[in-house]
Amino acid sequence: MRMADNTKLLRSPASSGLARVLTIAPAVQWVIALAVLSLAIIMSAYGSQVLASEKPVISAARIAGDEDRTRIVFELNAQVTPVISALGTPYRLILDLPEVTFAFDKRALNAEQGLFRDWRFGLFAVGKSRVVVDLVAPVRVDKTLFLPSIDDQPSRLVIDLVRASDEEFAKFVSDTRSKRTASREDAAPKTDLMTSQRANSKPVIVLDPGHGGIDYGAIGVGGTLEKAIVLEFSKLLRDKLLESGLYQIHLTRDDDTFIPLGERVQIGHDLAADLFISIHADSVVRGKKLARGATVYTLSDRASDDLAEELAASENMSDIIAGVELEEEPTEVTDILLDLARRETRSFSVYFAKTLIGEWQSAVRLIRNPHRSAGFRVLKAHDVPSVLVELGYLSNAHDEKLLISEEWRERMADAMTEAIHSFFRPRLAGRDGAVSQ
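Residues numbered from 1 in each chain as written. Predicted model: local features only at pLDDT ≥ 70, side-chain atom pairs only at ≥ 80, totals over all residues. Heavy atoms only, no water.

Novice: Is there a simple way to explain the overall build of the chain in this structure?
Specialist: Of the regular secondary structure elements, the chain holds eleven helices and 15 strands. A burial count over the chain gives 46% of its 437 residues as buried. In the chain, of all internal contacts separated by at least 6 residues, the share reaching a separation of at least 24 is 76%. Summing over all exposed atoms, the chain offers an accessible surface of approximately 22400 Å²; the carbon and sulfur share of this is 54%. (Helix = DSSP H or I, 4+ residues; strand = E, 2+ residues; numbered from the N terminus. Buried < 20%, exposed > 50% of the residue type's maximum accessible area, 1.4 Å probe, protein only. Contact = heavy atoms within 4.5 Å. Areas by Shrake-Rupley, 256 points an atom, 1.4 Å probe, with all protein chains shown as cover.)

Novice: Sorry, what's going on with the sheet that holds strand β14 (residues 366-374) here?
Specialist: What holds strands together in a sheet is hydrogen bonding between their backbones, with the strands either parallel or antiparallel. Here six strands make up an open sheet; going across it, the order is β11-β10-β12-β15-β13-β14 and the pairing mixed. This sheet does not close on itself; its edge strands, each paired only once, are β11 (248-251) and β14. Between one strand axis and the next, the sheet turns through 20 degrees on average, direction left out of account. In the sheet, strand β10 (residues 204-209) pairs with β11 via four bridges, with the strands oriented parallel. (Pairing = 2+ DSSP bridges. Axes fitted to C-alpha atoms, helices over the stretch in contact; angles between N-to-C directions.)

Novice: Explanation requested: the sheet that holds strand β7 (residues 128-135) in the structure shown.
Specialist: With antiparallel pairing, the four strands of this open sheet are ordered in space as β3-β4-β7-β6. The open sheet is flanked by β3 (83-87) and β6 (116-125), the only strands paired with a single partner. Here the average twist between neighbouring strands, direction ignored, is 20 degrees. For strand β4 (residues 92-98) and β7, the ladder comprises seven bridges, and the chain directions are antiparallel. Counterpart to L97 in the pairing with β7 is S129.

Novice: How should helix α7 (residues 306-315) be read in this particular structure?
Specialist: Residue pairs spaced three or four apart in an α-helix point in one direction, given the helix's 3.6 residues per turn. Of all the positions in α7, only L307, A308, E310, L311, A312 and E315 are classed as buried. The backbone nitrogen of L307 has a side-chain oxygen 3.0 Å away, supplied by the residue at the start of α7, namely D305. (Polar contact = N/O pair within 3.5 Å; in protein donor to acceptor, adjacent residues only side chain to side chain.)

Novice: Any chance you could explain the nonpolar core here in plain terms?
Specialist: Note that soluble globular proteins tend to have their nonpolar side chains buried in a common cluster. I277, W360 and M416 are the most contacted members of the largest nonpolar core, which has 40 residues in total. Taken together, the elements giving at least two residues each to this core come down to β10, α5 (226-244), β11, β12 (275-280), β13 (294-299), α9 (336-360), β15 (386-390) and α11 (406-428). The biggest single contributor to this core is α11, with ten residues. The residues contacting W360, other than those within four sequence positions of it, are A294, T295, V296, L366, V389, M412, A415 and M416. (Core = buried A, V, L, I, M, F, W, Y, C linked by side-chain atoms within 4.5 Å.)

Novice: What should I look at first to understand the pattern of salt bridges in this one?
Specialist: Opposite charge on two side chains lets them pair, provided their charged atoms get close. Scanning the model with the defined rule gives 23 salt bridges in all. When the shortest N-O distance is used, the salt bridge between E99 and K55 registers 3.3 Å. Of the two residues, E99 sits in the loop between β4 and β5 (101-102) while K55 sits in the loop between α3 (26-53) and β1 (57-65), which places them 44 residues apart along the sequence. Classification of E99 as partly exposed rests on a relative accessible area of 26%. For K240, the salt bridge goes to E410, with nearest N and O atoms at 2.8 Å. One end of the pair, K240, is in helix α5; the other, E410, is in helix α11, and 170 residues separate them in sequence. Judged by relative accessible area, K240 falls into the buried class, the value being 17%. The exposure class of E410 is partly exposed, given its relative accessible area of 35%. If you follow the salt bridges from partner to partner, you end up with R69, R71, R140, D142, K143 and D160 in one network. (Salt bridge = Lys/Arg side-chain N within 4 Å of Asp/Glu carboxyl O.)

Here is the structure:
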């Protein structure tokens, strides 16, 4: 067929797209057919990817019952199979799920009912969501049901709890310990943790955004979540420090994932960190109208004041909030070398705290007595200088406004960057790009 004939066929009227294809020359038909087939394959793969990436949604939850029998019902759009376990001291029920979207307001549900004292939920690890129920008494799981969707009604996950003896609950805890451990190990936290490279001798700094995932931390008077504020600030501070080219910077978490306190400490130890900064924006009960301004805390066996004691007690509850089994910690240091290392580490921690306050004074508002101390678990690495920074207090409306201000965060991050430069200046002296006096 001549080219003129092909042109005539391409221009000829047809009643449908299919008719047009059928009137085209065979060679052109093959090209179009292959293109259509490729597009169909791409769209099919894309559609499958979108569907695969969608997380199950829990759209509602309700609790009913009394202190002998209590039922919790979740309404969702896809079947999920919970891994159920328990923890004692205090009594807790743990429901581990694949990552889901909690699309309902916890505040609309009265959790203090029946065998429930309180509950919380959220992301626990990468790909894992968790519900933690605080119980008023020991329980056992009577039955677990999944009811499929019928007549436009959502699917339902139903869990019935009945009161049990302490002996039965202890057996429940023991029998489910391996399930709970496996659930955590299957989903290691996503961090930028890497093997420390000591060859270039850059100081290693670990920034620890507090809380995360199921552990929201404090909630401000205006609804601001501590876990979100401190993560955003930690990334800002990391970027400013990386711009200098002087340090290796790592975050204990770089997304909304829960990291147990012990793992945070271990990250600093494994990286042989030269400085560990845990970043928070807490809420306090005692004197909440007066507790305002930046504060830096170092580790001590005895709290420096009531506020420090309250904050340490609150922060040390993080693992309990997320349903993590607590391990007993050694109460005494028996190795004299370890004891000396710990004392030296605390001295460096105090030195950095004082350096930080010196930079803060001209940049941000400080609380009265801005250097305080208490027994924070996250600061207990014996070989890593560690401080806990309170950017401000979300229980104070004025501080909350500052914490969500980009201008204020920039000023705070700049002051902290300068304090870190000052802390490491002796070590960096003489190096290319070293900070000047």
